[in-house]
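Residues per chain are reported as follows:
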There are 2 protein chains.
Amino acid sequence: MKNNSSVFFRLACLLLLVFIAFMFYRFQKKEKEESSESISIHNNAALSVIHSRKSVRNFVPGKLVSEEDIQKIVRAGMAAPSGRDLRPWEIIVINDRMAMDTLATQLPYAKMLETATLAIVVCGDTARSPLWVYDCSAVTQNILLAAEALGLGAVWTAAHPYEDRMSAVANAVGLPASVLPLAVIPVGYPNGDFEPKEKYDETKVHFNRWTTNAK
Amino acid sequence: MKNNSSVFFRLACLLLLVFIAFMFYRFQKKEKEESSESISIHNNAALSVIHSRKSVRNFVPGKLVSEEDIQKIVRAGMAAPSGRDLRPWEIIVINDRMAMDTLATQLPYAKMLETATLAIVVCGDTARSPLWVYDCSAVTQNILLAAEALGLGAVWTAAHPYEDRMSAVANAVGLPASVLPLAVIPVGYPNGDFEPKEKYDETKVHFNRWTTNAK
């Protein structure tokens, strides 16, 4: 009996040690995988948001964008580069239902403001920089990407260079004469499935010199 | 002896069970943390690349950008939105040392081409869309973000609307008349520490109506 118990004890210890070693190995491996993965996740998450961004034109009515997400969107916009670092942008955040409905009737290409619960108007102060159009386009792209990253949908509707659209926006929000609206961006939670388009076209890439490719 | 061994055996078993339970708990907890973290990493990685992007104007000489990264950069560029989905962009990839040095002497604001090992020229086909300036600005911003996401440095140097710079680029790469260069983007591995600027300015945010804030 004493012999049996001793053999059983040693066997049990051995098995448990093997099991512990295995668990420890799995745990270490997991940690290692995780740290190498976080680098590739970091890279891929930014690139994948760039590629998953799409124009969302229909939103879940009444589903509001949180104050926190509005902040993140606006901050992402202002992280854009600008010519000579003049930062000529001004951002109008519209979440007043009546204001959005009014704009929807006045802007023929921004009808999706009816279901959107937020609109970001990216404006440029023309007196502050002659390069405001480029800078504000970069702001707009950052905002579209931030919305995508936050699980929201958005779409770039042009105000500039269309005189009628620009004055509709200017009147609606009371812009001073030197400030022009570049884009009106309806934002909200996507209503339906919107898929990004594959737009890569190798005939549009030229190495070191212009090459005319069959299109 | 038999009694002692039996008590020891039971105690050892108990301790090992507790240890195993603890390891199992830690492992499960780790997995749980990881999955909830991956969502926030996904969001934050895109936003954090937007915020960590900065203008890099000095590069490690001779350190080449891989073909794979060049592909990723170009593809990110073409994932930009465009007015009426006309995609009027054309992208020139320059990595020929002599071509880059020639451009560096001709473009007063693109001297950093001397240390850059890659230049991306974002062009627009003016015959294809009247909105090419906005579209190509979004392409440029995507490219700057992709470079940041890949651990590279880049900077937007303007070609459009400056006639002299546009013709210098057009001559260097042989652009047809309808294709205008918007931006020349030197790319490479950052040489030195470049910090993003904090550009958020709450006086530039207006809620529902324009408000004139003290600047």
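Residues numbered from 1 in each chain as written. Chains lettered and ligands numbered in written order. Predicted model: local features only at pLDDT ≥ 70, side-chain atom pairs only at ≥ 80, totals over all residues.

Draft legend 1. Structural view of the overall build of chain A. Along the backbone of chain A there are 5 helices and 6 strands. For chain A, the N- to C-terminal ordering of α and β elements is α-α-β-α-β-α-β-β-α-β-β. Partitioning the contacts of chain A with sequence separation of at least 6, the portion at a separation of at least 24 is 76%. (Helix = DSSP H or I, 4+ residues; strand = E, 2+ residues; numbered from the N terminus. Contact = placed C-beta atoms within 7 Å.)

Draft legend 2. Main features of the interface of chain B and chain A. Taken residue by residue, the interface counts 69 residues in chain B and 70 residues in chain A. Counting residues per element, the ones that place at least two in the side of chain B that touches chain A are helix H1 (2-52), helix H2 (67-77), strand E1 (89-94), helix H4 (132-149) and strand E6 (205-207) of chain B. Class assignment of the residues belonging to the side of chain B that touches chain A gives a composition of 43 nonpolar, 13 polar and 13 charged. Across 3 bridges, the pairing between strand E6 (residues 205-207) of chain A and E1(B) is parallel. Paired with A:His206 across the strands is B:Ile92, a residue of E1(B). (Nonpolar A, V, L, I, M, F, W, Y, C, P; charged D, E, K, R; others polar. Pairing = 2+ DSSP bridges.)

Draft legend 3. Structural view of helix H5 (residues 163-173) of chain A. Residue and element names in this part refer to chain A. If you check which residues of H5 are buried, you get Arg165, Ala168, Val169, Ala172 and Val173. Projected onto a plane normal to the axis of H5, the buried residues spread over an arc of 105 degrees and lie on a single side. For H5, exposure combined with an orientation more than 90 degrees from the buried face picks out Glu163, Asp164 and Asn171. Summarising the contacts, the buried residues of H5 are in contact with strand E1 (89-94), helix H3 (97-106), strand E2 (118-125) and strand E5 (179-188). (Buried ≥ 20, exposed ≤ 12 C-beta atoms within 10 Å, placed from the backbone. Arc of directions from axis to C-beta.)

Draft legend 4. Expanded view of the relation of the copies chain B and chain A. Note on the copies: chain B fits chain A at an RMSD of 0.2 Å, the axial shift is 0.1 Å, and the rotation between them is 180 degrees. Both chain copies can therefore be described as sitting about a two-fold axis. Residue B:Ala46 of chain B places its C-alpha closer to the rotation axis than any other residue of that unit, at 2.0 Å. In this assembly, 100% of the residues forming the interface of chain B have copies in chain A that are likewise at the interface, indicating an isologous arrangement. (Least-squares fit on C-alpha atoms with pLDDT ≥ 70 in both.)

Draft legend 5. Here's a closer look at unusual backbone geometry. All names here are of chain A. Cis rather than trans, the peptide bond between His160 and Pro161 has omega equal to 5 degrees. Tracing the backbone shows Pro161 in the loop between strand E4 (157-158) and H5. Despite not being glycine, Arg87 shows a phi value in the positive range, around 45 degrees. Within the fold, Arg87 resides in the loop between helix H2 (67-77) and E1.

Draft legend 6. Here's a closer look at the environment of A:Val18. Residue and element names in this part refer to chain A. Inspection of the secondary structure puts Val18 in helix H1 (residues 2-52). Judged by the 10 C-beta atoms lying within 10 Å of it, Val18 is exposed. When the C-alpha atoms of Val18 and Glu90 are compared, they prove to be 64 Å apart, with 72 residues separating the residues in sequence.

Draft legend 7. Layout of the confidence of the model for chain A. All names here are of chain A. Overall, the predicted model of chain A reaches an average pLDDT of 90, with 89% of residues at or above 70. A low-confidence stretch, residues 36-42 (pLDDT under 50), is modelled with 4 contacts involving residues beyond four sequence positions or located in other chains. We note a pTM of 0.82 for the whole complex and an ipTM of 0.82 for its interfaces. (pLDDT = per-residue confidence, 0-100.)

Draft legend 8. Broad picture of the packing of H2(B) against H4(B). Residue and element names in this part refer to chain B. Packing of H2 against H4 leaves a shortest axis separation of 7 Å and a crossing angle of 145 degrees. Once H2 is placed against H4, the crossing between them reads as right-handed. Within the contact between the two elements, H2 uses Lys72, Ile73, Ala76 and Gly77 and H4 uses Val139, Asn142, Ile143, Ala146 and Ala147. Its residues assigned to classes, the contact of H2 with H4 comprises 6 nonpolar, 2 polar and 1 charged. (Axes fitted to C-alpha atoms, helices over the stretch in contact; angles between N-to-C directions. Left-handed = near helix turned anticlockwise from the far one by under 90°.)

Draft legend 9. Here's a closer look at the nonpolar core. Ranked by internal contacts, the top residues of the largest apolar core, which has 126 residues, are A:Ala119, A:Val122, A:Ile185, B:Ala119, B:Val122 and B:Ile185. Apart from residues no more than four positions distant in its own chain, B:Ala119 is found in contact with B:Ile94, B:Met100, B:Leu103, B:Leu113, B:Val184, B:Ile185, B:Pro186 and B:Val187. (Core = buried A, V, L, I, M, F, W, Y, C linked by C-beta atoms within 7 Å.)

Draft legend 10. Quick peek at the environment of A:Trp89. Within the secondary structure, A:Trp89 is located in strand E1. Looking at A:Trp89, the number of C-beta atoms within 10 Å reads 26, which means it is buried. Every residue in contact with A:Trp89, bar those within four places of it in the chain, is listed here: A:Met78, A:Val122, A:Cys123, A:Gly124, A:Asp135, A:Cys136, A:Val139 and B:Lys204.

Draft legend 11. Region of the structure containing helix H4 (residues 132-149) of chain A. All names here are of chain A. When the terminal C-alpha atoms of H4 are compared, their 25 Å separation across 18 residues agrees well with the 26 Å that a helix rising 1.5 Å per residue should span. Most of H4 is tucked away, with 18 of its 18 residues classed as buried. Once H4 finishes, Gly151 follows within two positions and takes phi at roughly 80 degrees, a positive value. (Expected span 1.5 Å × (residues − 1).)

Draft legend 12. Representation of the environment of A:Asp69 within the structure. Residues and elements named next belong to chain A. Position of Asp69 among the secondary structure elements: in helix H2. The partly exposed category is assigned to Asp69, around which 19 C-beta atoms lie within 10 Å. Here the alpha-carbon distance between Asp69 and Leu131, two residues 62 residues apart in the chain, equals 28 Å.

Draft legend 13. Spotlight on the pairing of strand E5 (residues 179-188) of chain B. All names here are of chain B. Across the 10 residues of E5, 10 count as buried, placing the element largely inside the fold. Bridging between strand E2 (residues 118-125) and E5 involves 8 bridges; their strand directions are antiparallel. For Ile120, the partnering residue across the bridge sits in E5 and is Ile185. Here 2 bridges tie strand E3 (residues 153-154) to E5, and the two strands are oriented antiparallel to one another. Bridging from a neighbouring strand, Ala154 pairs with Val187 of E5. As defined by bridge partners, strand E4 (residues 157-158) adjoins E5 across 2 bridges and the pair is classed as antiparallel. From the neighbouring strand, Thr157 faces E5, where its bridge partner is Val184.

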